[in-house]
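Coordinates in review
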Amino acid sequence: MNSRLNSFRSGPDERGHFGMFGGRFVAETLMPLILDLEKAYADAKNDPAFQREMAGYRKDYIGRPSPLYFAQRLTEHLGGAKVYLKREELNHTGSHKVNNVLGQILVARRMGKKRIIAETGAGQHGVATATLCARFGLDCVVYMGAVDVARQEPNVIRMEMLGAKVVPVQSGTRTLKDAMNEALRDWVTNVHDTFYCIGTVAGPHPYPMMVRDFQSVIGDETRQQMQEAEGRLPDSLIACIGGGSNAMGLFHPFLDDSSVEIFGVEAAGHGLDKLHAASLTGGRPGVLHGNRTYLLMNDDGQIQDAHSISAGLDYPGIGPEHSWLHETGRVKYLSATDEEALSAFQLLSRLEGIIPALESAHAIARVMDLAPQRPKNHLMVVNLSGRGDKDVPQVGDILKGRKKT
Amino acid sequence: MTTRIDTRFAELQTQGRSAFVTYVMGGDPDMATSLDLIKALPKAGADIIELGMAFTDPMADGPAIQAAGLRALKAGMTLKKTLDLVRAFRKDDNATPIVLMGYYNPIYIYGVDRFLADAKTAGVDGLIIVDLPPEEDSELCIPAMKAGLNFIRLATPTTDDKRLPAVLANTSGFVYYVSITGITGSAAADSSAVGTAVARIKRHTPLPVCVGFGIRTPEAAQAIAERANGAVVGTALVDVLAKSLDAEGKATAKTVGAVVDLVASLAGGVRSARQAAE
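Residues numbered from 1 in each chain as written. Chains lettered and ligands numbered in written order. Predicted model: local features only at pLDDT ≥ 70, side-chain atom pairs only at ≥ 80, totals over all residues. Heavy atoms only, no water.

**Concerning the overall build of chain A**
On a plain count of helices and strands, chain A comes out with 17 helices and 14 strands. Rg of the C-alpha trace for chain A: 19 Å, near the compact-globule value of 22 Å for 405 residues, within the 12% margin. Taken along the three principal axes of its C-alpha coordinates, chain A extends 55 × 50 × 45 Å. Considering chain A as a whole, with its 405 residues, one finds that 65% of them fall into the buried category. (Helix = DSSP H or I, 4+ residues; strand = E, 2+ residues; numbered from the N terminus. Rg over C-alpha atoms; globule rule 2.2 N^0.38 Å. Buried < 20%, exposed > 50% of the residue type's maximum accessible area, 1.4 Å probe, protein only.)

Below you can see the structure in the form of C-alpha cells.
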C-alpha cells in the first residue's frame, strides 16, 4: 500500500491488480496460455536483444520518434495555452496502434505462435495487426463488428489488401465489444497455435500492463521532446479514451510528476443522459473481457450498448488502470459529444492542415475549452492518436446532411 | 456438508450408472415455459439440471446458447428471476440438484454475499462460473463454499497435470471436463480421448467427473457415460427448443415436448451405458 502512495507507476501487482481493478477473469482453457504469456513477456522485457529489435523496427518501420509539433494557429485561435500535438497519426498505418502491435507480434514470434487474431473497432488496430502479420509472414484474422465494417470500409479494404481475413461479427450489438467476444471464442478454440493481439490496455493480466508498456514510448518521447523544445515538463496532457491505450501511453511516464495535469476524454455520444460510451462517467465497476473495470451496464449486470460517432471509442468498458487512476483522482476524466468531436475535427483540419481521426477529435474538443482557460506560458500536449482518412467518407456524409451521427 | 449433488452421485453409484446432466437457459424463451420445462426434465431422465444465467456477453458460448440468453433477456429475464425459477421448481422437487451456470458480472452486481444467501435459500446446489479460474478464487469460490454451495470447476484439455491440482483444490460436487478446446456447441471429442482425460483427472481427485461439449445423440451420450461419471448435454437441447419457437421467437405448444423428447432419448443412451470400473 505504501508503494501506491509513493508512486502511481508501480502497478499492477503480481496478480494483475491496479487497486481493485484488473485481474484474470477468463475461461480455464485460456488460463495456462495467459500464464505462459506473462512469463514470455517478462523474459522479453528483460532481454536486451528484444529491446534492440523493437527499437530497430520502431525507427525504420514505424517511423519513430513521432514529432511533437507546436500547433501555432490552433494556439492563436484558442488564445490560451501553448498547444503541442504528439503526432502519432504520422506512424506507419496511421495511428498509435502500431506501437503495441509491434511489441506483441515480436512476443508472439518468441512464443512460436504462427496465427494471430485481433479485434478491431475503427479498424486501426486491425490494420496495424494485418500490417505486422504481413511483415512477418503470419496468418491474421481480424474480428470486426458488422456495424463497424459498414462505417469504416476503407480500413476493411486495407486489411484485406494486407492479406488478413476480416470476419464481420453479427452477434450482440455488432460493435467492438462483440468483436472482442468473438476473438475470445476463436482463441478458446485455437489456443494451441494462436496468439490474441489485444488492441488496448484491457483484457486479462498481463495485457493491460504489456500494452501500456509498449505504448509508453509516446510519453517517453514527449518528455524528451518537450525538454528539447521548451526546456521543461509539459503542464498538461490530454488524450481521448475508448479502451485507453493511446492515453495510457502518453500519461504513464508522467504519472509521478505531480505538476502535470492529466485529462482523459471519453466519448459522450449523443450526450451523457442519452446513448454514450463514457464508462467512467456513466458506468460502474464490473467484470467483462478478463478484467474488473468500469463498465456501462444495467442494474442486472447486463452490459449496455455504447454509442459514439467514433467506432474506436464505441466500447462499454475502459482499461483497468484508468479505472484506478480515476478513483485515485490522479487523472481527470472528461467527455466530448459526437457534435463536439465533429466541430473539433473540422477546426483542426482547417487551422493546421491535419485531419484527425474522429477518436482524436474528442481530445481536441476538450482542448478547445481547456486551452483558453490556461495562461499563454502553459504547455499543453494533446495526443493526436490517429489520422482521419478513414473517417472522411463518414464525416463527409454527415456534413452534407445525408446521415445522422 | 452434503449437498443434493453429493447425494445424487452416491445414489447413482449404488445403481451403477452415470449421471445425465441437462443444460437449459433459465427464462428461455420466457419464465413460464422455462419453469414447465425444468419441471419436466427429471421425469424425462435428467439427473442433474444446469440452469444458464442469461448474460449479454457469453464469450465462451457458441451461437445457440448466445441466442438462448438473448431470448431470455428480451423476455425480461434477470438473475433475480433465475433464482425465482429455482424456488418455484423446488416446491415440487427437493431432490434433483440444480447448478447455476454463467458469467460473473451479474452475480458481482447482485452482490456476492446476498447472491449466495438468496441462491442457497432458493434451493441452488452448485455454481459453474465460466470466467472465474482458480486465480480468482477469493471472488466467489471460497465464499460459495462457506455458504454451503458447491463450486464446480471446468477442467479442459489445456489443464495439464501441473495445473490440475490448482484447478481441483477448491472444487466440490463434481468436476466438469470440457472435452475440447472451444465454445459450447462445437464438434465432439472422440470418446477414447475423453476416456484418457477422465482417467488422468481421476488420478488427482475422488470427485465424480462429468464430461460435456459436443454430445448430441444417444450413442454419443452412451459412449461418454461409459467413460465418465456423467454426460452433459446443452446445445442440442437449446437447438431443439429454438426450432420449436414461432417466427417471433415465442414458445409454441410443441416447445416443452420437443425438448423433453430429446432428453428422454438421450437419457436412454446414458442409462444403457455400463459404467467403467472405478
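So much for the structure itself; the text now carries on.
**Thoughts on the overall build of chain B**
Per the secondary structure count, chain B includes twelve helices and nine strands. Taking 2.2 N^0.38 as the reference for a compact globule, 278 residues should give roughly 19 Å; the C-alpha atoms of chain B span a radius of gyration of 17 Å, in line with that estimate. Residues classed as buried in chain B amount to 62% of the 278 residues present. Pairs at least 24 residues apart make up 73% of the contacts formed inside chain B by residues separated by at least 6 positions. In the form shown here, chain B has an accessible surface area of approximately 10,100 Å², with 55% of it arising from carbon and sulfur atoms. Across chain B, 28 positive and 30 negative side-chain charges occur, with their mean positions spaced 3 Å apart. (Contact = heavy atoms within 4.5 Å. Areas by Shrake-Rupley, 256 points an atom, 1.4 Å probe, with all protein chains shown as cover. Lys, Arg positive; Asp, Glu negative; His and termini not counted. Charge placed at Lys NZ, Arg CZ, Asp CG, Glu CD.)

**Focus on unusual backbone geometry**
All names here are of chain A. Here the amide bond leading from Arg64 into Pro65 is cis, since omega sits at 0 degrees, within 30 degrees of zero. Turning to its location among the elements, Pro65 is positioned in the loop between helix H3 (48–62) and strand S3 (68–70). The linkage connecting His205 with the following residue, Pro206, adopts the cis geometry, with an omega of 15 degrees. The topology assignment puts Pro206 in the loop between strand S8 (194–196) and helix H10 (207–215).

**Structural notes on the nonpolar core**
Core analysis: the biggest nonpolar cluster contains 165 residues, and Leu100, Phe115, Leu127, Leu140 and Tyr176 of chain B have the highest contact counts within it. Those residues in contact with Phe115 of chain B that lie beyond four places of it in its chain are Met53, Leu79, Leu83, Leu100, Ile107, Tyr110 and Leu127 of chain B. Of all hydrophobic cores here, the second largest spans 38 residues; its members include Ala81, Leu351, Leu370 and Val382 of chain A. (Core = buried A, V, L, I, M, F, W, Y, C linked by side-chain atoms within 4.5 Å.)

**What to know about the packing of helix H5 (residues 97–110) of chain A against H10 of chain A**
Residues and elements named next belong to chain A. Packing of H5 against H10 brings their axes to within 8 Å, and their N-to-C directions diverge by 120 degrees. You can see that H5 and H10 cross each other, and the crossing is right-handed. Of the residues in H10, those touching H5 at Lys97, Asn99, Asn100, Gly103, Gln104 and Val107 are Tyr207, Met210, Val211, Phe214 and Gln215. In terms of residue class, the contact of H5 with H10 is built from five nonpolar, five polar and one charged. (Axes fitted to C-alpha atoms, helices over the stretch in contact; angles between N-to-C directions. Left-handed = near helix turned anticlockwise from the far one by under 90°. Nonpolar A, V, L, I, M, F, W, Y, C, P; charged D, E, K, R; others polar.)

**Quick word on the interface of chain B and chain A**
Put simply, an interface is often sized by how much accessible area is lost when its parts join up. Residue-level contacts link 36 residues of chain B with 38 residues of chain A. Taking both partners together, chain B and chain A bury about 2,900 Å²; carbon and sulfur atoms supply 52% of that area. Taken as a group, Asp57, Met59 and Ile109 of chain B account for 20% of the area that chain B buries against chain A, more than any other trio of residues on that side. Summed over the shared surface of chain B and chain A, the number is three salt bridges. Across the salt bridge formed by Glu139 of chain B and Arg292 of chain A, the nearest N and O atoms sit 2.4 Å from each other. For the pair chain B and chain A, the number of links is 17 residue pairs in polar contact (both at pLDDT 80 or more). Only helix H3 (63–74), helix H5 (104–110) and strand S6 (154–155) of chain B provide two or more residues apiece to the side of chain B that touches chain A. (Buried area = accessible area lost by both parts, 1.4 Å probe. Salt bridge = Lys/Arg side-chain N within 4 Å of Asp/Glu carboxyl O. Polar contact = N/O pair within 3.5 Å; in protein donor to acceptor, adjacent residues only side chain to side chain.)

**Here we look at the environment of Gly123 of chain B**
Residues and elements named next belong to chain B. In this structure, Gly123 sits in the loop between helix H6 (112–122) and strand S4 (126–129). Relative accessible area serves as the criterion here: at 5%, Gly123 is assigned to the buried category. Excluding residues within four positions of it along the chain, Gly123 makes contact with Arg4, Val86, Arg90 and Ile98.

**What to know about the packing of aromatic side chains**
The geometry of an aromatic ring pair is captured by two quantities: the separation of the ring centres and the angle between the planes. Residues and elements named next belong to chain A. Overall, the coordinates contain 14 aromatic pairs over all chains when judged by the stated rule. Judged by centre distance (5.6 Å) and plane angle (80 degrees), the ring pair of Tyr41 and Phe214 falls under edge-to-face. Here Phe214 lies in helix H10 and Tyr41 lies in helix H2 (residues 31–45), a separation of 173 residues in the sequence. Both residues of the pair, Tyr41 and Phe214, belong to the buried class. Ring centres of Tyr57 and Phe136 lie 5.3 Å apart, and the angle between their planes is 75 degrees; this geometry places the pair in the edge-to-face category. Of this pair, Tyr57 sits in helix H3 while Phe136 is found in helix H6 (residues 124–136), placing the two residues 79 residues apart along the sequence. The same class applies to Tyr57 and to Phe136, which are both buried. (Phe/Tyr/Trp six-rings, centres within 6.5 Å; stacked < 30°, edge-to-face > 60°.)

**Topic: the sheet that holds strand S2 (residues 48–52) of chain B**
Residue and element names in this part refer to chain B. Taken together, the nine strands give an open sheet; going across it, the order is S5-S4-S3-S2-S1-S9-S8-S7-S6, and neighbouring strands pair in parallel fashion. Each edge of the open sheet carries a strand with a single partner, namely strand S5 (150–151) and S6. The pairing of S4 with S5 spans two bridges and is classified as parallel. Pairing of Leu127 across the sheet is with Phe151, part of S5. Packing of helix H2 (residues 31–44) onto the sheet brings it into contact with strand S1 (19–25) and S2, and relative to S1 it is tilted by some 175 degrees. (Pairing = 2+ DSSP bridges.)

**Points about the pattern of salt bridges**
All names here are of chain A. Scanning all chains against the criterion turns up 43 salt bridges over all chains. The salt bridge involving Lys177 is made with Asp178; its shortest N-O contact spans 3.3 Å. On the basis of relative accessibility, which here comes to 1%, the residue Asp178 falls in the buried class. Close ionic contact of Asp299 with Arg284 constitutes a salt bridge, the shortest N to O distance being 3.3 Å. In this pair, Asp299 is assigned in the loop between strand S12 (290–295) and helix H14 (320–328) and Arg284 in strand S11 (residues 284–288), connecting sequence segments 15 residues apart. Of the residues examined, Asp299 reaches a relative accessible area of 73% and is grouped as exposed. A single network of salt bridges, built from pairs that share partners, joins Lys45, Arg212, Asp213 and Glu321.

**Re the packing of H2 of chain A against H10 of chain A**
Residues and elements named next belong to chain A. Across the interface, H2 lies against H10 with an axial gap of 11 Å and an inter-helix angle of 25 degrees. Here H10 runs roughly parallel to H2, going by the angle between their axes. Crossing of H2 over H10 shows left-handed handedness. In this structure, H2 uses Leu37, Tyr41 and Lys45 to contact H10, whose residues at the interface are Tyr207, Met209, Met210, Asp213 and Phe214. (Parallel < 35°, antiparallel > 145°, perpendicular 65-115°, else oblique.)

**Description of helix H17 (residues 392–399) of chain A**
Residues and elements named next belong to chain A. What H17 keeps buried is the set Gln394, Val395, Asp397 and Ile398. Looking down the long axis of H17, one finds its buried residues gathered within 160 degrees of arc, a one-sided arrangement. On the buried face of H17, the contacting elements are helix H7 (146–151), helix H15 (338–352) and helix H16 (358–370). Gly401 lies just past H17 and shows a positive phi near 75 degrees. (Arc of directions from axis to C-beta.)

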